[in-house]
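Structural features, examined
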Amino acid sequence: MDYKRLAEQILELVGGKENVSGLVHCATRLRFNLKDESKAQTDALKKTKGVVGVAKSGGQYQVIIGSDVANVFAPLNELCDLKDSRAGEEQKEKKSKVATAIDTLSGIFTPILPALTAAGMLKAVLSLLVAFKLVASSDQSYQILNFMGDATFYFLPILLASSAAKKFKCNPYLAMMLGGILLHPNFVNMVSASKESGEAIRLFMIPIYNASYSSSVIPIILAVWFMSVVEPIADRISPKAIKFFSKPLITILVSGVVTLSVLGPIGYVISNYIATFLRAMESYGWLVSMILGAVFPLLVMTGTHYAIVPVGINNRMTMGYDSMVYPNNLASNVAQGGATLAVAFKSKVSEIKQLAMSAGITAVCGITEPALYGINVPYRTPLYSAMAGGAAGGLFVGLMHVKNYSGGSPGLLTLPSYIGGDSLRDLLFASIGAGIAFVVAFVICFILYKDPKEALEGDGKEKDSVSAEKKSTVETEKTETSVSKEDCAQPASDCDMVCSPVSGNVIPLSEVKDEVFSQGILGNGVAVIPDEDLIVSPVNGTIVSIFDTLHAVGLLADSGEEVLIHIGLDTVKLGGKYFKALAKTGDRVSVGTPLIQVEFDKVKEAGYDIVTPVIVSNTAVYRSVTGETGKHVKAGEPVIQVQK
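Parameters at a glance
Residues numbered from 1 in each chain as written. Predicted model: local features only at pLDDT ≥ 70, side-chain atom pairs only at ≥ 80, totals over all residues. Heavy atoms only, no water. Helix = DSSP H or I, 4+ residues; strand = E, 2+ residues; numbered from the N terminus. Buried < 20%, exposed > 50% of the residue type's maximum accessible area, 1.4 Å probe, protein only. Contact = heavy atoms within 4.5 Å. Areas by Shrake-Rupley, 256 points an atom, 1.4 Å probe, with all protein chains shown as cover. Pairing = 2+ DSSP bridges. Axes fitted to C-alpha atoms, helices over the stretch in contact; angles between N-to-C directions. Parallel < 35°, antiparallel > 145°, perpendicular 65-115°, else oblique. Left-handed = near helix turned anticlockwise from the far one by under 90°. Nonpolar A, V, L, I, M, F, W, Y, C, P; charged D, E, K, R; others polar. Core = buried A, V, L, I, M, F, W, Y, C linked by side-chain atoms within 4.5 Å. Patch = residues over 30% accessible without salt bridge, like charges linked within 9 Å, V, L, I, M, F, W, Y side chains within 5 Å. Salt bridge = Lys/Arg side-chain N within 4 Å of Asp/Glu carboxyl O. Expected span 1.5 Å × (residues − 1). Phe/Tyr/Trp six-rings, centres within 6.5 Å; stacked < 30°, edge-to-face > 60°. Lys NZ or Arg CZ within 6 Å of the ring centre and 35° of its normal.

Regarding its fold elements, the protein chain presents 21 helices and 20 strands. Going through the 644 residues of the protein chain one by one, you find that 51% of them count as buried. Long-range pairs, those at least 24 residues apart, make up 73% of the contacts in the protein chain with a sequence separation of at least 6. With the model as given, the accessible surface of the protein chain reaches about 29200 Å², and the carbon-plus-sulfur share is 60%.

Turning our attention to the pairing of strand S16 (residues 594-598). Of all five residues in S16, four are buried, a share of seventy percent or more. The sheet contact formed by strand S10 (residues 534-536) and S16 spans three bridges and is antiparallel. Counterpart to Val536 in the pairing with S16 is Pro594.

Of all five residues in strand S7 (residues 495-499), five are buried; the element is thus mostly enclosed. Alignment of S7 against strand S20 (residues 638-643), held across five bridges, turns out to be antiparallel. Following the sheet pairing, Met497 is matched in S20 by Gln641.

Attention shifts here to the packing of helix H14 (residues 326-346) against helix H16 (residues 369-379). If you want to describe how two helices pack, look at the angle between their axes and the distance between the axes. With their axes 10 Å apart at the nearest point, H14 and H16 run at an angle of 45 degrees to one another. Here H14 lies oblique to H16, going by the angle between them. Between H14 and H16 lies a crossing whose hand is left-handed. Contacts between H14 and H16 involve Gln336, Thr340 and Val343 from the former and Ala371, Leu372, Ile375 and Asn376 from the latter. A per-class count over the contact of H14 with H16 returns four nonpolar, three polar and no charged.

Glancing now at the nonpolar core. If you look at the biggest cluster of nonpolar residues, it comprises 58 residues, and the most contacted ones within it are Phe109, Leu160, Ile220, Val224, Ile313 and Tyr418. Those residues within four positions of Tyr418 in sequence are excluded, and the remaining contacts are Tyr326, Pro327, Leu330, Val402, Lys403, Asn404, Tyr405, Asp426, Leu427 and Ala430. Residues Leu6, Ile65, Phe517 and Phe547 belong to the second largest nonpolar core, which totals 36 residues.

On to the sheet that holds strand S15 (residues 588-589). With respect to topology, eight strands assemble into an open sheet ordered S15-S11-S12-S13-S17-S9-S8-S19, the strand pairing being antiparallel. The sheet is open, and its two edges are formed by S15 and strand S19 (631-633), each paired on a single side.

Here we come to a nonpolar patch on the surface. Together, Leu203, Phe204, Met205 and Ile206 give the surface a local cluster of nonpolar side chains, amounting to about 480 Å² of exposed area. Here Leu203 is to be found in strand S5 (residues 201-203).

Moving on to the pattern of salt bridges. Pairing is possible between side chains of opposite charge, provided their charged atoms come close. Scanning the model with the defined rule gives 10 salt bridges in all. Among the salt bridges present, the one from Lys243 reaches Asp235, with a minimum N-O distance of 3.6 Å. With relative accessibility at 26%, the residue Lys243 sits in the partly exposed group. The partner of Asp587 in a salt bridge is Lys584, with the nearest N and O atoms 3.1 Å apart. Each of Asp235, Lys243 and Lys247 takes part in one network of salt bridges that share partners.

A word on helix H17 (residues 381-399). With 19 residues, H17 extends 27 Å between its outermost C-alpha atoms, agreeing within 8% with the 27 Å of an ideal straight helix rising 1.5 Å per residue. Immediately beyond the C-terminal end of H17, within one or two residues, lies His401, with a positive phi of roughly 50 degrees.

In this section: the sheet that holds S20. Read from one edge to the other, the open sheet built from three strands follows the order S7-S20-S18, with strand pairing classed as antiparallel. Each end of this open sheet is capped by a strand with a single partner; those strands are S7 and strand S18 (624-627). The average undirected angle you get between the axes of adjacent strands in this sheet is 20 degrees.

Our next topic: the packing of helix H7 (residues 156-168) against helix H8 (residues 172-183). At a closest axis distance of 8 Å, the pairing of H7 and H8 adopts a crossing angle of 155 degrees. Our classification of the angle between H7 and H8 gives roughly antiparallel. Seen along the crossing, H7 lies across H8 with a hand that is right-handed. Together, Pro157, Ile158, Ala161, Ser162 and Ala165 of H7 and Pro172, Ala175, Met176, Gly179, Gly180 and Leu183 of H8 make up the contact between the two elements. Here the contact of H7 with H8 is composed, by residue class, of eight nonpolar, three polar and no charged.

Further remarks concern the packing of aromatic side chains. Both the distance between ring centres and the angle between the ring planes are used here to describe each pair of aromatic rings. Taken as a whole and assessed by the stated rule, the structure comprises 10 aromatic pairs. Relative to Phe245, the ring of Phe244 lies with its centre 5.3 Å away and its plane at 90 degrees, an arrangement referred to as edge-to-face. Phe244 sits in the exposed class, given a relative accessible area of 71%. Among the residues examined, Phe245 registers a relative accessible area of 59% and is labelled exposed. Here the guanidinium or amino end of Lys403 rests over the ring plane of Tyr321, the centre of that ring lying 4.5 Å away.

Spatial relationships are all this shows, so hold off on functional conclusions.
Next comes the structure, spelled out in structure tokens:
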């Protein structure tokens, strides 16, 4: 897959880099903060190849990619160029306090998920080595692997400081310095001595609370938030001549003292109160686990699961284990995988089967977004089945009071994170709970799921088309433009032709005044300067997407070419004005089928270039893609030769 091209498409469809004020990614999603969500073309994004789905939640516009998300994020982040853009400005749209809080938590925890996952998996591997007596706790090998796994959790305040600084828009290095202050060995020793002697720690006359902040969550978030308030004040009051020195000094001195004396203790007390409350709730844990096991997919869809994940982390840091969040999340994730795999086994539609199989395997391993947005939500029955399975598995792990000791992405791969205590009891019951969730979801979904009619019909047509193509060259009916397949005949069995979508003069892409096209970034092809107002299909195939603004059409030819028709340059800004759709996404078309009616004279009067690039966007899979330029063509005449 061409990740750079996909990144460019996504950026265009979310409204361009001018509309992006923030961008991060998690395991499967690109998480945008958009200045104006109404500019995003959601329907077109959902139909973009490489995009699994789109979700709006917690103040974020989320584009679900799947496991390749990091490969798309890298070029997209460069294209957004947030460092030089107005990334630090507040979003124009007003959000509710709940949405703002969820967006903040998501922005803080999402960037550190890889570190948390790596630490959890490392601890899980270590647990297996001990369980199978391959290493002993007294071995140096054990001790090295153990502190490697503990490093993320011990230095969690520093990791959170970095991501919180980006969210609160303050200096990340000063924020990490705050985290280092909380974890400095000298401060840790002073706290230990204070607890033993009963003598308070003081900074001049200011009392310092004798709390330990390793592995803590809330104190550092409060500290960085406060620092984001102090830093601009320090900037304003610092004399220009010495601002380079005075601004960081004032910021860290004020923030550090207030953190040690006020905010750190507040966060520490809040964390302990949460732990105490959850201990009191353990007698009703089965009910909470059953409910969370059922509704976790809905929480993920709305982004509110980010308000719960820190609770699980806090539980492990304060109590040594978590029995309220991760065990029922395990049941929910495995249930989603079970329901999705049931679809894979029962569906008669090849495209659905393939997506469900890969997404189901990913889900049982702990990453559910491809299953959730690719199968479960669109077809509903798998979602309800997954919720039932999650409730059943959650009820069991709640009744058995299953404990998770080291986190990680909740799924089968992190089952060893339930090894702890004096036995393998938690691992056994976690495995049984996951099994119950899987079986219940799979059985219910397998019984109730039915392929949607349109999917069955589409798959049948596709199979018929492929079968006919194998027998002979596809024959095409005459259309309103009276263009036949013979006008665009294939010169050889290993060569396909793409026809012109409009009458006009054909020029090389290199002459198009847009680098994306002229440099062949989107693929090879030609450009046509139209002299008629009708855009027609250049291939026999299916319309993959017609953009909401009608300025571009994507098609998939029966012979495999992915063709993009981009009508004019920057015409997306017209918002569909002077364009009229004559077909819709999903339609079967043949060469000459009318697609878009365009008032090109009015488009030119509005100041836009009407040159229309025709691109074979999957150029990379072919030996060559060449165009015939320097001539006038009628709509439906061949202009691009594709050598297989």
